[in-house]
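# Inside the fold
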Amino acid sequence: PAEDQARVDDIKRLLKAHNAVLVAHYYTDDAIQQLAEETGGCVADSLEMARFGARHDATTLVVAGVRFMGETAKILSPEKRVLMPTLEATCSLDIGCPADAFSAFCDAHPDRTVVVYANTSAAVKARADWVVTSSIAVEVIEHLQAKGEKILWAPDKHLGGYIQNKTGADMLMWDGACIVHEEFKAKGVEDLKRLYPDAAVLVHPESPEPVVRLADVAGSTSQLIKAAKALPNDKLIVATDRGIFFKMQQAVPDKTLFEAPTAGNGATCRSCAHCPWMAMNALDNLAGALREGSGEIQVEEALRLKALKPLERMLNFNA
Ligand code: 13P
Ligand code: SF4
């Protein structure tokens, strides 16, 4: 619509005026991903978002995604202004892992190397030895396991279980989950597979184990998009937030993509496979953040320096 185009033009002008670049996650609205692409920003997974923001020479980063992504950008680039369309956009994994309780858990297991998923607060990262995203988690845990280290993992029990199955590492887990991926049902995926036996199944490992077991490829958002291209199948059943369909369909315009069902009877629930916090990012609040400087991420310096160490370990791993 014309109004949306006017908003897009307004944001393009504001980005230039503020020497700002837009960094968006694959789960944000199509319009935001498109805008990031058209303006020299990036659309990416959590790891690539962190790398892109840290390397870019803009003085303002506008992070469209959820809170931990903005915090990670600020921790890595304290000299940059980091804005988010809304600071309300959180994550069930972050909410489910409060820093105090997590710190007590770590204190109770001092013999374990603490590895936390990027989907956590700055305070939780500050307590960790390593931060990982889903695209690098298996490699990092393999590396630690080879050194004989025992792991304390938080917060996603499904991703943790997936890594443990792959590596055989000794992992003590925090009990957290992603409310979006937890809704995918193996029964629904099996029913869809029966309808389309030639389809390949792509699964984000934040999904429950019975769903991951059905996967031809399990991996982070960027790994799933790569797999969509690499696989010979022309039908793909995809178990992750449906925001990913925008870039995935661009990558494989001739393939048919199916949302993995979120209900056991095989019906697809339109509102389930989309993160309510990612959905809070919109053109309006994005423009507002740039115009008013609202939604600025602040991380207290002592905390930032503590959280920086495990984040840098991740970025320097295999770099
Ligand atoms: P990745 O994009 O790193 O796979 O993370 C998925 C996610 O849940 C982000 O919220
Ligand atoms: Fe968190 Fe899940 Fe939303 Fe990602 S999709 S931000 S893991 S709640």
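This text goes with the structure placed above it.
Structure report, in brief.

Rules used throughout
Residues numbered from 1 in each chain as written. Chains lettered and ligands numbered in written order. Predicted model: local features only at pLDDT ≥ 70, side-chain atom pairs only at ≥ 80, totals over all residues. Heavy atoms only, no water. Helix = DSSP H or I, 4+ residues; strand = E, 2+ residues; numbered from the N terminus. Rg over C-alpha atoms; globule rule 2.2 N^0.38 Å. Buried < 20%, exposed > 50% of the residue type's maximum accessible area, 1.4 Å probe, protein only. Contact = heavy atoms within 4.5 Å. Areas by Shrake-Rupley, 256 points an atom, 1.4 Å probe, with all protein chains shown as cover. Arc of directions from axis to C-beta. Polar contact = N/O pair within 3.5 Å; in protein donor to acceptor, adjacent residues only side chain to side chain. Pairing = 2+ DSSP bridges. Axes fitted to C-alpha atoms, helices over the stretch in contact; angles between N-to-C directions. Left-handed = near helix turned anticlockwise from the far one by under 90°. Nonpolar A, V, L, I, M, F, W, Y, C, P; charged D, E, K, R; others polar. Near = heavy atom within 4 Å. Core = buried A, V, L, I, M, F, W, Y, C linked by side-chain atoms within 4.5 Å. Right-handed = clockwise from strand over helix to strand, strands pointing away.

## Some remarks on the overall build of the chain
- If you tally the helices and strands in the chain, you get 15 helices and 12 strands.
- Here the C-alpha atoms of the chain give a radius of gyration of 19 Å, agreeing with the 20 Å that 2.2 N^0.38 yields for 319 residues.
- If one aligns the C-alpha atoms of the chain with their principal axes, the spans along those axes are about 50 × 50 × 30 Å.
- Expressed as a percentage of its 319 residues, the buried residues of the chain come to 57%.
- Contacts spanning at least 24 positions in sequence make up 64% of the contacts within the chain whose residues lie at least 6 apart.
- Taken as a whole, the chain presents about 13100 Å² of accessible surface, with 50% of it coming from carbon and sulfur.

## Comments concerning helix H3 (residues 46–55)
- Among all positions in H3, only Ser46, Leu47, Met49, Ala50 and Gly53 are buried. One side of H3 holds all its buried residues, which, seen down the axis, span an arc of 165°.
- Buried residues along H3 sit against strand E1 (20–25), strand E2 (42–44), strand E3 (60–64), helix H4 (67–76) and helix H15 (301–316).
- For H3, the side-chain oxygen to backbone nitrogen distance between the N-cap and Leu47 is 3.2 Å, and the N-cap itself is Asp45.

## Let's talk about the side chain of Ser134
- Along the chain, Ser134 turns up in the loop between strand E6 (130–132) and helix H8 (137–146).
- At 3.4 Å, the side chain of Ser134 forms a polar contact with the side chain of His204.
- With residues up to four places along the chain from it excluded, the contact list for Ser134 reads Tyr117, Leu159, His204, Ser220 and Gln223.

## A word on the sheet that holds strand E4 (residues 81–83)
- The four strands lie next to each other as E2-E1-E3-E4, forming an open sheet whose pairing is parallel. Looking at the sheet topology across the chains shown, the edges are occupied by E2 and E4. Put simply, the sheet's adjacent strands are angled 20° from each other on average, direction ignored.
- Examined bridge by bridge, E3 and E4 share three bridges and lie parallel to one another. Along E4, the bridge assignment pairs Val62 with Leu83.
- Relative to E1, H3 is tilted by about 170°, and along the sheet it contacts E1, E2 and E3.

## As for the packing of H3 against H4
- At a minimum axis distance of 9 Å, the contact between H3 and H4 shows a crossing angle of 35°. Regarding H3 and H4, the two cross each other, and that crossing is right-handed. On the side of H3, the interface is formed by Ser46, Met49, Ala50 and Ala54, while H4 contributes Phe68, Met69, Thr72 and Leu76.
- Partitioning the contact of H3 with H4 into residue classes produces six nonpolar, two polar and no charged.

## With respect to the site of ligand 1
- As a matter of local geometry, ligand 1 sits amid 13 residues, with His25, Ser46, Ser134, His204 and Thr221 nearest to it.
- Take Ser134: an N or O atom from its side chain is 2.9 Å from an oxygen atom of ligand 1.
- Contact with the protein chains covers 96% of the free accessible surface of ligand 1, which is 300 Å².
- The residue inventory of the shell around ligand 1, partitioned by class, reads four nonpolar, seven polar and two charged.

## Re the site of ligand 2
- Within the structure, ligand 2 sits among Tyr27, Val66, Cys91, Ser92, Leu93, Asn119, Cys178, Val180, Glu206, Cys275 and Trp277.
- Split by residue class, the shell around ligand 2 holds eight nonpolar, two polar and one charged.

## Some details on the nonpolar core
- One finds Phe102, Trp153, Ile163, Leu202, Leu236, Met248 and Leu290 to be the most contacted residues of the largest nonpolar core, which totals 114 residues.
- Apart from the residues lying within four places of it in its own chain, the contact partners of Leu202 are Val217, Leu224, Ala227, Ala228, Leu231, Leu236, Ile237, Val238, Ala239 and Met248.

## A few points about the pairing of strand E11 (residues 235–239)
- The element E11 is largely enclosed, with a buried count of four among its five residues.
- Sheet topology note: the strand E9 (residues 200–203)/E11 ladder contains four bridges and is parallel. Each residue of the ladder has a partner; that of Val203, found in E11, is Ala239.
- Bridge count between E11 and strand E12 (residues 256–259): four bridges; the pairing is parallel. Pairing of Ile237 across the sheet is with Phe258, part of E12.
- Assessed by its sense of winding, the connection that carries the chain from E11 through helix H13 (residues 245–251) to E12 is right-handed.

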